[in-house]
Every structure is written in C-alpha cells, then in structure tokens.
Amino acid sequence: MTTRRTRPAPRPPEGTPPRAELARQARTVLADAVRIAHWAAGAPGPGTTAPLAAHALERAATALELSPAQVRAGWDRARLAGLIELHGDTARPGWRLRAWDRDDSAVLRGWVALFDAWSLVHAAPAGIEAGAVAEAVEAVPQVLSLLQLSAGPVTVPALLDLLGQRVAELHEERCEVPLGPGRPATAATTAGATADRPDPAAGTDADLNALLLDWALEGLAAVGALTLGHGHATLTPLGNWAVWVKLEQICVAAQSPAGNIEQSAADMLLGCARLTPGPARDEYRAWLAARTVGSAVAELLAVARGQDALLRGLAFEALRVVGAPAEPEVRAVLAEPSLRPYALLWLAEYEGNDPDDAQDVLSREEATWLWVDTAAAVADHGETGLLVRHLDTAVQGTVPALLDEVRAVGHPRTVQVLVALAAAHPDPALAKAVRRAAFQVHTGGA
C-alpha cells in the first residue's frame, strides 16, 4: 500500500458562490447549447449530422427562433461541453445532456470542458502563425492565475506584460530567438482592451502579443470565464472557481511523494502504477492541470504507442480523467491495432456503457489481443500468481482454445507471455502445452 500525505479538503476562496449557484450560472452560459442539443436529439436524421448541414441549420434556427450564427455557435458549444457526442457523421445526445437538469456536478464538468476549449470557441485572428497562437494558449494559465489572485479587475497593460514575459520564457525554454518585426498582425478587436496600445501596424512582437491577448480575453469572455471593461478584465464567479480548482489540483500533485507533476507522462504513470484507483486519478488530474489538454493527450498517446503494455493501459486510464476533450484523439487511434482495443473500451465507457459491459464492444480477436497485452504487463511488472489468475479472464473458456487464438492474433509479445505463463503455472501438463505453443509461435509452426 502506498502511503500518501493527506490534507483537509480545500475550501474555495471567500465569496465563491455555492456549487448550486455556480451550476445555475453555467446553465445560463450554455442555455442555447442545451436547447440545440435537445433539438438535435429529437430531430429527424438530417438534423443530427455533424457538422450541422445547411438545411439542418435553417430548420434549427426556425424551430428555436435563433439566428443561424447563434445556432452554429451553440452547436459548437454543445459539442465541446459534451452535450452532443459525435459518432462518425452522426451526432447523438451526450450523457451530460441527460443529467443536465438534475446533476450540478455534470453541469459544472460540462462548463469546465467548454472553458478548457476556449481557444476553439473564438477563432484566432487571421494571418497569425500557428506557433504564435499556440504560445498564447500556453501562456494563458498564467494570465488567469493573476486574475484569480488579484480577486478583482486587472488592467490590460498588466496582463499584457505578463503574457509577454511568459511567451519570452517559452522561447528561452525552447532555445528560440525572438522573431522580431514583421510577424503578421491585424487590428485588435476588443474595444476596451486596446487602450494605451502601440500601433499594430508597426508589426512588433509587442503588437502581436497585444493582438493575441485581445483574442484570448474575448475567447474567455465568450465562455463566461471573465468580463471585459474599459481597459481591464475581471474573472466571473465561474471563472474564479475554475482557476482555483486547477490551482488546487496542482497543489495536490505537489504533495505526492513522487512529485509527479514535474515528470514526463511515462514517469508519472509509473509513479502511479501501485496507487489505488482513487489516488491515481488524483495524480492524473494534477498532472493534467499543469499542461494544456492537447499536449497532455498527445504525450499520453505517445506513451501508449510504446513497448510497455502496463503504461499503455495506464495511459488510457489517465485519458479517462481527461474525458470529452480527448475524444477526437482517442477516436483517431482506432486504426492502430495496438491501441484499438483500449480506444474501443474508452469510447464505450465515455458513451455511458457500464464498464462491466464495455468488453462487449470488442471482437473476439481484439479481446484476445488485449488479453495478451495485459498478460505482457503482468509478466513485466506483476507477480507470478497474477499471471496464472489472468488465464481465467480469457474469453475462450478453455486453454486449448485460448492457445489457438493467441497463436493467430499476432501480438509481438506472444512468445514471451506464453513462456512466462508456462514457467509460472503449477500444472505440469498445462505448462507443457503452453511451452509447445510458445515454441510454435517462435518457429512459425502450426
């Protein structure tokens, strides 16, 4: 058993509304998205295609008495908040929509998913290189932290100074030199945020940062995280609470004996391997909170593609904590044989299936491949008895049938798994049969 230091349950900052009030505010922010999601759930076939087809857009606008632009914006928010789930070219109501009116936690999780995706809600200014946009997104958590710690309005020049410092740090960490004048820029769009700014036509790095700050503040305002005044910005109660939650997650990780927040994905997963599920999820959340969602998901999937089967399984456990923002990337790896069984199980649980029934989505071959992969993880990291007991989890029911299908499935670790199982099993006759199967796979015999 791993010993973990504990601390009293943290209290939100003084003045934070109760969760019921925060959920009410989140429902207000997402009201149009919820209406559109309900419309899509009850619409005939063409109304549930994704992205929303032109004729469906017109029907939704008429039925809901919204403008097409409002429908399109609400549709995007519904997808990002998990109210609508995409399955190929079809959109279906998400589990959060079903729980929306009765479950405040589901509402807040949905709003936080939208908050995390603010950079997708509000399109980046045209003509800005993708790298500069990515740097701004990576720097925004520091901007939000300043807003949260200030507990009130913060002037745009102060936020701009912090953004510029953070972008410069990112360049230094990557050993990059400033690009200097000439980077593309367009006119800023936030009237209140452009006070005391240099002329953007000059094309300096400072002008680019000012333009990107305008965009970030507008995007965060669009999801209800902050309000914009003349030359200043203020977190809303929802935004203040969300930033506090993420800072608390980082503090939780800082208390862990392994200090997993600073580790790579592979080292973090190894550090969590012997934790029970609850503490492990806490570690995953804290590690994720210190990174952008996109980079964290990419790093976890890169680990899952590696040779260590234990880390492959743990990577998908961490992706379960990510939830909706990871869904497109998880769906994209269905074409990769080594990840497909894990991705299918992840998607089944994400779509609301009981974890005990999720195995039903796997074909016989996929279930066998997963059995071998799990056995490889046990052989590498577990105890002998666990490998023997793992036999009972096979879908085949009998050892001869299992060996036949294991030989055919083509897992790269098949030989090692069978050799380890033969060495561990107490029944000499069964061990002999397993060794024979290992030899046949090794030599390519029947």
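The structure displayed is predicted, hence computed values, not measured ones.

Looking at the sheet that holds strand β4 (residues 226-228)
Link 1 in the chain: Spatially, the 3 strands line up as an open sheet ordered β3-β5-β4, and their pairing is antiparallel. Bordering the open sheet on either side are β3 (154-155) and β4, each of which pairs with just one other strand.
Link 2 in the chain: In this structure, β3 lies alongside strand β5 (residues 232-235), joined through 2 bridges in antiparallel fashion. Among the inter-strand pairings, Val-154 is bridged to a residue of β5, identified as Ala-233.
Link 3 in the chain: The sheet strands contacting helix α10 (residues 205-222) are β4 and β5, and the helix crosses β4 at an angle near 125°.

Details of the confidence of the model for the protein
Link 1 in the chain: This prediction gives the protein a mean pLDDT of 80; 83% of its residues lie at or above 70.
Link 2 in the chain: For the stretch residues 1-7, pLDDT sits under 50, and the model shows 17 contacts to residues farther than four places along the chain or on other chains.
Link 3 in the chain: Ignoring residues within four places in sequence, the model shows residues 177-202, a span with pLDDT below 50, making 51 contacts including any to other chains.

Focus: the pattern of salt bridges
Link 1 in the chain: If you walk through the whole model with that rule in mind, you get 15 salt bridges.
Link 2 in the chain: Across the salt bridge formed by Glu-351 and Arg-331, the nearest N and O atoms sit 3.4 Å from each other. Of the two residues, Glu-351 sits in the loop between α17 (340-350) and α18 (364-381) while Arg-331 sits in helix α16 (residues 327-332), which places them 20 residues apart along the sequence.
Link 3 in the chain: On the basis of relative accessible area, Glu-351 is assigned to the partly exposed category, the value being 24%.
Link 4 in the chain: Among the residues examined, Arg-331 registers a relative accessible area of 24% and is labelled partly exposed.
Link 5 in the chain: Arg-407 serves as the salt-bridge partner of Asp-404, at 2.5 Å between the closest nitrogen and oxygen. Placement of the pair is Asp-404 and Arg-407 together in helix α20 (residues 399-409), with a separation of 3 residues, close to one helical turn.
Link 6 in the chain: Assessed through its relative accessible area of 43%, Asp-404 is described here as partly exposed.

A closer look at the packing of helix α8 (residues 130-150) against α10
Link 1 in the chain: One way to put it is that α8 packs onto α10 with a least axis distance of 10 Å and a crossing angle of 65°. Between α8 and α10 the crossing geometry is right-handed. Contacts between α8 and α10 involve Ala-132, Val-133, Ala-136, Val-137, Val-140 and Leu-144 on the former and, on the latter, Leu-208, Leu-212, Trp-215, Ala-216 and Leu-220.
Link 2 in the chain: Considered class by class, the residues forming the contact of α8 with α10 number 11 nonpolar, no polar and no charged.

Re the nonpolar core
Link 1 in the chain: Counting residues in each nonpolar core, the largest one holds 66 residues, and the members touching the most others are Leu-83, Trp-111, Phe-115 and Leu-147.
Link 2 in the chain: Take this core: its biggest share by element is 9 residues, from α10.
Link 3 in the chain: The contacts of Leu-83, once residues within four sequence positions are left out, are Ala-33, Val-34, Ala-37, Ala-78, Arg-92, Pro-93, Gly-94, Arg-96, Leu-97 and Trp-100.
Link 4 in the chain: In this structure, Val-303, Trp-346, Tyr-350 and Val-417 belong to the second largest nonpolar core, which totals 61 residues.

Things to note about the side chain of Ser-145
Link 1 in the chain: Of note, Ser-145 is situated in helix α8.
Link 2 in the chain: Residue class for Ser-145 comes out buried when judged on its relative accessible area of 18%.
Link 3 in the chain: Among residues more than four places away in sequence, those in contact with Ser-145 are Val-243 and Leu-247.

What about the packing of aromatic side chains?
Link 1 in the chain: A complete count under the given rule lists 4 aromatic pairs for this structure.
Link 2 in the chain: With a centroid separation of 4.9 Å and 50° between ring planes, the pair formed by Trp-118 and Trp-215 is classed as tilted. Of this pair, Trp-118 sits in helix α7 (residues 118-121) while Trp-215 sits in helix α10, and the two are 97 residues apart along the sequence.
Link 3 in the chain: The exposure class of Trp-118 is buried, given its relative accessible area of 6%.
Link 4 in the chain: With a centroid separation of 5.2 Å and 20° between ring planes, the pair formed by Trp-346 and Tyr-350 is classed as stacked. With Trp-346 and Tyr-350 both in helix α17 and 4 residues apart, this pair spans about one turn of that helix. Tyr-350 carries the same exposure label as Trp-346, and that label is buried.

What counts as what
Residue numbers here run from 1 along each chain, matching the order of that chain's written sequence. The model is predicted, so local features are restricted to residues of pLDDT at least 70 and side-chain atom pairs to those at 80 or more, both for listing and for counting; the totals for chains, interfaces and linings are taken over all residues. Side-chain metrics in this entry use all non-hydrogen atoms of the structure; hydrogen atoms and water are not considered. Between any two strands, pairing holds if DSSP finds at least two bridges. In this description a helix means any DSSP run of H or I spanning at least four residues, a strand means any run of E spanning at least two, and both kinds are numbered starting from the N terminus. Only heavy atoms enter the contact rule, under which two residues are in contact if any of them lie within 4.5 Å. To get an axis, fit a line to the C-alpha atoms, keeping to the stretch in contact for a helix; angles then go from 0 to 180 degrees between the N-to-C directions. How sure the predictor is of each residue is captured by pLDDT, a score from 0 to 100. What makes a salt bridge here is a side-chain nitrogen of Lys or Arg within 4 Å of a carboxyl oxygen of Asp or Glu, nothing more. Note on exposure labels: buried denotes an accessible area under 20% of the residue type's maximum, exposed denotes more than 50%, and partly exposed covers the range between, all computed with a 1.4 Å probe on protein chains only. In a left-handed crossing the near helix is turned counterclockwise from the far helix by less than a right angle, and in a right-handed crossing that turn is clockwise. Residue polarity is assigned by list, with Asp, Glu, Lys and Arg as charged and Ala, Val, Leu, Ile, Met, Phe, Trp, Tyr, Cys and Pro as nonpolar; anything else, Gly included, falls into the polar class. By nonpolar core is meant a set of buried Ala, Val, Leu, Ile, Met, Phe, Trp, Tyr and Cys residues that side-chain atoms within 4.5 Å join together. Classification of ring pairs rests on two measures: the distance between centres of Phe, Tyr or Trp rings, Trp counted by its six-membered ring, which must be within 6.5 Å, and the angle between planes, read as stacked under 30 degrees, edge-to-face over 60 and tilted in between.

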